[in-house]
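Examining the three-dimensional arrangement
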Amino acid sequence: MAVRPQHMHDGGIVERRLRPIYDWLDNGVNKKALQEAEKVLKKSPTLQAARALKALALLRLGKKCEAQAVLEALAEEKPSDDTTLQAMTISYRESQQLQKVCEAYEAAVRAEPSSEELHSHLFMAYVRVGDHRAQHRAALQLYRIAPKNPYYFWAVMSIVLQAKSTEDVSKKGILLALAQRMVDNFIMENKMEAEQEARLYMMILELQEKWEDLLAFVEGPVYAQLVPGSMLQASIPYLRRLGRWRRLNLVCKDLLWENQDRWDYYMPYFDSVFELMKGAECDESEGSADDTAEKCHEFICSLVESVSAGRALRGPYLARLELWRRLAAHEAGGEAAALLGSARALCVQYLRVFAAKPCAVADLRPYLAIIPQQEREDHCRDFLTCLDFDENSEPDNAADIQRHVSCLCAWRLCAPPPDAADSLALADALRAHYLRCVGAAPAPTPPAPTDASPADAYATLAAHHYCYAAVQRHEAGPLVQALGVLELCARRSPAQPHAKLLLLALYHMLGAGSAADAAFARLEAKHVQLASLGWLHAARLPAAAPALAAARLADVHTFYQHHAKDSVEQLTYAYKYGTFEKLVELGAWRARLEACAWAALAARERALLQPPAPPAGPPIPPALPDALTDNRDLSVIVSWEPAQRRVAELRARTFERDVAYLRLKDALVRALALCAEAAAAHDNTHLLRQLDVCVDAFDAAMERCRREYRAPEEDLSVSAPLPSRIFALVQSPASYGALYTRLLRVARAACERGEGEGGAGAVERAAAALSAALRAARPALAHLAPASLWHTRDALEQLSNVLEFAGVMTYVMGVCREVVTPTNSRKASKKKASVSPERAATGRALGEAGGEAAALLGEVRARLEAWPAAWAAPHLASGVEDRLAGEYRCPVAGQLERSYREALRHARDTLDDKIKYLKSMQ
């Protein structure tokens, strides 16, 4: 958005002239804005603000060179009026020239050294480029001109950021000591005014680990004045750091008497109790603390009794479970049982009291694991029957439905893993419960569309058990039934996220990319969820729906691109509003996104999905960070599997595979980019050396991955990532490692242009090796059709590898064709030009390799006709329509059919295009 002028010159004439330009820019009509700017400049050719706005309009119209020329001319004039500078700032920000903003304001400050506004803009310009030393200087200069607290603490925070960014321990200590002295001076002069200033001082002391000073400051008068009423809460982490367990115990007890449901007070309280049980302190001068399990239990019971009748709080009940867990962890299980009873009885009691709350089972989940497995399985039905329910009960009001659902969920978490038949029977019963609730008479006050119904949990729990049965039987039928009940749930409860997430996961489990994309659209995911949920949807689309994947990957690219710009402005807002703690958080979040593994993979998948037409090439991707970050939210789909079926270290194991797959894709994209640059460069020796290194590394990595990643070690799970696509790539019947490396070596030989061993003979040998690899791959790739609907996802992943190879093959062959027979020479004359024997031999070799590739792709294309038979065989009835006849028509069968039809159509069209192009080279 354009910035309106803040200074009035010539009685507001300038503002009236510029107002139409601002209006057009704000409305996005940049062409009109440019015309208005030209009109103003005809009357006032030297008006700097109009020229700056003209540059902004030109930039937004895509005329970067013209905009840059206008900006350079303005910069030479060194404007100092705020209107011009802010318009220039917007242009520089949109063109990612943040350093020039600093230069513009530096010149303006030299022209008007007493301007507070210009100095503050200069400081913010330094913030955008991350120059902490310059920030410090600018903030101090600003404080000298206008002695205000915020400016002083901008300087202090700049020193803190310098300390955090340095690896020199001694320098870090000097900087933090300087920052502390600066704040100490303010404290002594009684100039502290805001809570954030106190928190900044605490941050400085924390970085120096001065816990005694921190505790003294929190308990002192300055903190009490700036942050009244929070002294006890603020002292907890520092009492813990100093090991003052008795005092910590007393502080937590006082706080818990005031608020019995604050779980963040219970945890330090338990820490102090168990430290005191070890004999950490013996001095009782500060009061009587709870230093035994008996005293702790007595205190918790007194908290339970203190709660008014009819108002049960979860905190004290969960505190007893936490005490049991800690006693068991300290090898005092016998003492825990004697003092508190069995953990199972405590869990059942908690469920009996709080089953009507949707969070009851989530609260219990961490504590169910402390019950011995055998006892848990033998008495699992205690959780189901504790409120006189069983799996066939039919509650008729919302509160009882929620209680029934909580009992069912707790029972399933404790019960032994069911076999396929039991899973199907329970899933049918749960689906019947949901359909009964859906078909019941409407409530006097129907729920709002933004409210989730308690009965929705019947549908989601049924879907989980259908999935268990499908995985055990390797059949798609139960998944179709799960999709049917989930579609109904998502339709009747638009605000129910769990049903939509399960739809997304189950459609991907069947390889139905188009249906999954529709479910993702209904989820209305936020932009940041493109990063946290990329593993669930966008990462699977290139295999299941390549046509849709390009759009989703573009969304991911746009998010990361815009976040890099927006995060800079967020830093300036943090300074403006004095939220110094957010500066550290924003810096860490920005670094985490910049090193995101999924962002890097999305960029490379996008480059391979849509390679440019030769001779243009994809840009060489930036080097991958040494430490890639895992930003996946793997807990977004709640798992109801028993503890013994959960895979240990699932996150680390799946992330390792994803990183290995990313490195393969990175090497492939890098090799393609080097091929294009080597083909276009006159002196390409160094590029060819880089290409050799890249191809050798890719070949070695493919072989290493083929040995390491033979097959997934985990069973499919709806709440865990699907098997990595690296398995389909490296364990394919066709050796993609050999195909890609030989193809790239053909390009390398062609780009050498007759020098050394890179003449026609080298191209012929490389092309012959490629042709042999293509012939060897034909039998392996001829049998990709899925045996059943259950195997469709695996077959589509194999097909996507073929399509990706076809795209890389045609691109590389196009690059080679440009090298051997440039476009201008092919179009120079209609007469048959004389061709050297070496070039003719090279052209024949490339044509033969292209013919082999066309034959391979033609074989795959012909086999696609057999694919629909696998999808027509299973019975696709969902079991929902006939129970709600006339009210609901289940869309699952149509969604699956449409998804597979679109995937096949895209594959046929792609293969036809590639075959036509390769045949044209013969």
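Our structure is the block above this text.
Residues numbered from 1 in each chain as written. Predicted model: local features only at pLDDT ≥ 70, side-chain atom pairs only at ≥ 80, totals over all residues. Heavy atoms only, no water.

**As for the packing of aromatic side chains**
All chains considered together, the criterion is met by 24 aromatic pairs. With 4.7 Å between their ring centres and 15 degrees between their planes, phenylalanine 123 and tryptophan 154 make a pair best called stacked. Taken as a pair, phenylalanine 123 in helix H7 (residues 116-129) and tryptophan 154 in helix H9 (residues 149-165) lie far apart in primary sequence, 31 residues in all. Judged by centre distance (5.9 Å) and plane angle (85 degrees), the rings of phenylalanine 698 and tyrosine 740 are edge-to-face. Of this pair, phenylalanine 698 sits in helix H36 (residues 685-708) while tyrosine 740 is found in helix H38 (residues 736-751), placing the two residues 42 residues apart along the sequence. Summarising the burial analysis for this pair, phenylalanine 698 and tyrosine 740 share the class buried. Through a chain of ring-to-ring contacts, three or more aromatic side chains come together here, namely Phe123, Tyr151, Trp154 and Tyr575. Geometry around tryptophan 411 places arginine 381 over its ring, the cationic atom sitting 5.5 Å from the centre. (Phe/Tyr/Trp six-rings, centres within 6.5 Å; stacked < 30°, edge-to-face > 60°. Helix = DSSP H or I, 4+ residues; strand = E, 2+ residues; numbered from the N terminus. Buried < 20%, exposed > 50% of the residue type's maximum accessible area, 1.4 Å probe, protein only. Lys NZ or Arg CZ within 6 Å of the ring centre and 35° of its normal.)

**Details of unusual backbone geometry**
Even without a glycine there, the phi angle at asparagine 190 is positive, about 60 degrees. As for its placement among the helices and strands, asparagine 190 is situated in the loop between helix H10 (169-188) and helix H11 (195-207). Exposure remark for asparagine 190: the relative accessible area of 59% places this residue in the exposed category. Phi is positive for aspartate 388, which is not a glycine, with a value near 65 degrees. Among the secondary structure elements, aspartate 388 is positioned in the loop between helix H23 (381-385) and helix H24 (398-414). Taking the relative accessible area as the measure of exposure, aspartate 388 reaches 73% and is therefore exposed.

**As for the side chain of glutamine 895**
Summarising the element assignment, glutamine 895 is placed in helix H44 (residues 892-920). When its relative accessible area of 11% is taken as the criterion, glutamine 895 is described as buried. There is a polar contact of 2.9 Å between the side chain of glutamine 895 and the side chain of arginine 898. Apart from residues lying up to four places away in sequence, glutamine 895 is in contact with Glu487, Tyr507 and Ala515. (Polar contact = N/O pair within 3.5 Å; in protein donor to acceptor, adjacent residues only side chain to side chain. Contact = heavy atoms within 4.5 Å.)

**What about the side chain of glutamine 260?**
Within the element layout of this structure, glutamine 260 appears in the loop between helix H15 (245-258) and helix H16 (263-277). Exposure remark for glutamine 260: the relative accessible area of 13% places this residue in the buried category.

**What to know about the pattern of salt bridges**
Applying the stated criterion across every chain, the model contains 56 salt bridges. Between aspartate 666 and arginine 604 there is a salt bridge, and its shortest N-O distance comes to 2.7 Å. Here aspartate 666, found in helix H35 (residues 650-680), pairs with arginine 604, found in helix H34 (residues 597-609); they are 62 residues apart in sequence, far enough to count as distant. Accessibility assignment for this pair places aspartate 666 and arginine 604 in one class, buried. (Salt bridge = Lys/Arg side-chain N within 4 Å of Asp/Glu carboxyl O.)

**Details of the state of the cysteines**
Across all of its chains, the model carries zero disulfides by this definition. The thiol of cysteine 301 is not disulfide-bonded; the next cysteine sulfur, from cysteine 296, is found 9.5 Å away. Given the relative accessible area of 22%, cysteine 301 is considered partly exposed. Here cysteine 347 stays unpaired: no disulfide links it, and the sulfur of cysteine 414, its closest cysteine neighbor, is 7.3 Å away. (Disulfide = S-S within 2.5 Å.)

**Thoughts on the nonpolar core**
Counting residues in each nonpolar core, the largest one holds 322 residues, and the members touching the most others are Tyr434, Tyr575 and Trp598. Setting aside anything within four residues of it in sequence, one finds tryptophan 598 in contact with Leu530, Ala531, Gly534, Ala538, Ala539, Leu553, Val556 and Tyr560. (Core = buried A, V, L, I, M, F, W, Y, C linked by side-chain atoms within 4.5 Å.)

**Notes on the packing of H11 against helix H12 (residues 211-218)**
Running from amino to carboxyl end, H11 crosses H12 at an angle of 160 degrees, the nearest separation of the two axes being 9 Å. By the angle between their axes, H11 is roughly antiparallel relative to H12. In terms of crossing hand, the pair formed by H11 and H12 is left-handed. Here Ala198, Tyr201, Met202, Leu205 and Glu206 of H11 lie close against H12, whose contacting residues are Trp211, Asp213, Leu214, Phe217 and Val218. Tallied by class, residues from the contact of H11 with H12 come to eight nonpolar, no polar and two charged. (Axes fitted to C-alpha atoms, helices over the stretch in contact; angles between N-to-C directions. Parallel < 35°, antiparallel > 145°, perpendicular 65-115°, else oblique. Left-handed = near helix turned anticlockwise from the far one by under 90°. Nonpolar A, V, L, I, M, F, W, Y, C, P; charged D, E, K, R; others polar.)

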